[in-house]
Amino acid sequence: SGQCLGFGQLEPKTPTDYELRTLVVQRGKRRKGLGSAIVQHLLTQVSPGSAVWLTTVQRSTPFYARFGFEQVPLGPNLPSFLWFEVAAGLVVARMVANQQLCVMRKAIS
C-alpha cells in the first residue's frame, strides 16, 4: 500500500569495508522479520573478502550476532572511518538509551 515499513543503509567506506547504518523498522511492525530481511538483503550487496562494520547499543548485539557479526573491542585499532561515530555514539548511547555502545564486524566470505 505504498508505505515505508523500514529501511537500512550500507555505506562503502573503503574498497573492502562497509558500514551498516540506520536500520529502522516502524514501531508497530517490529519483531516480524522486516529488520532481518533488510540486513540479509544488504549483506548480499557486499563482495567476498570485505568486512561490514556497525555501531549499536548493547541490547541490540544479539540481533546482529544472528547474522554472524562479532563484537570488536573499542580502542585505537578500530578503522578511522568509525572514530567519529564511536565518539558521538558513546555519549548518545549512554545519555539517550542508558546503554553501552558496541562495535561489531562481519567478514564476508
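For clarity, every value in this text was computed on a predicted model and none was experimentally measured.

*Asks:* Got a minute to help me understand helix α3 (residues 83–97) in this structure?
*Replies:* Residues spaced three or four apart along an α-helix point in a common direction, a consequence of the helix completing one turn every 3.6 residues. With 15 residues, α3 extends 20 Å from end C-alpha to end C-alpha; this agrees with the ideal 21 Å at 1.5 Å per step. The largest bend along α3 measures about 30° and falls at G89. Listed in full, the buried residues belonging to α3 are V86, G89 and A93. For α3, the elements touching its buried residues are β3 (51–57) and β5 (101–107). Phi turns positive one or two residues past the end of α3, at N98, with a value near 50°.

*Asks:* Help me out: how do you make sense of the sheet that holds strand β2 (residues 17–25) in this one?
*Replies:* Adjacent strands of a sheet form backbone hydrogen bonds with each other and so pair up, either parallel or antiparallel. Read from one edge of the open sheet, five strands run β1-β2-β3-β5-β4, paired in mixed fashion. Looking along the sheet, the strands with just one partner apiece sit at the ends: β1 (6–14) and β4 (70–72). Sheet twist, expressed as the mean angle between neighbouring strand axes with direction ignored, is 35°. Judged from the three bridges that link them, β2 and β3 form a sheet pairing that is parallel. Note on β3: the bridge partner recorded for E19 is W53. Where helix α1 (residues 34–43) meets the sheet, its contacts fall on β1, β2, β3 and β5, and the angle it forms with β2 comes to roughly 160°. Contacts between α3 and the sheet are confined to β2, β3 and β5, with β5 contributing the most and set at about 130° to the helix.

*Asks:* Teacher, can you tell me more about unusual backbone geometry here?
*Replies:* Comment: phi is negative for the bulk of residues other than glycine, and the bulk of peptide bonds are trans. Despite not being glycine, T22 shows a phi value in the positive range, around 50°. When you line up the elements, T22 lands in strand β2.

*Asks:* Honestly, the side chain of T56 in this entry has me stumped. Any pointers?
*Replies:* Within the fold, T56 resides in strand β3. If we ignore the near neighbours within four places in the chain, the residues touching T56 are T61, Y64, Q100, L101, C102 and M104.

Cut-offs and rules
- Residues numbered from 1 in each chain as written.
- Predicted model: local features only at pLDDT ≥ 70, side-chain atom pairs only at ≥ 80, totals over all residues.
- Heavy atoms only, no water.
- Helix = DSSP H or I, 4+ residues; strand = E, 2+ residues; numbered from the N terminus.
- Expected span 1.5 Å × (residues − 1).
- Bend = angle between axes of the 7 residues up to and from the residue.
- Buried < 20%, exposed > 50% of the residue type's maximum accessible area, 1.4 Å probe, protein only.
- Contact = heavy atoms within 4.5 Å.
- Pairing = 2+ DSSP bridges.
- Axes fitted to C-alpha atoms, helices over the stretch in contact; angles between N-to-C directions.

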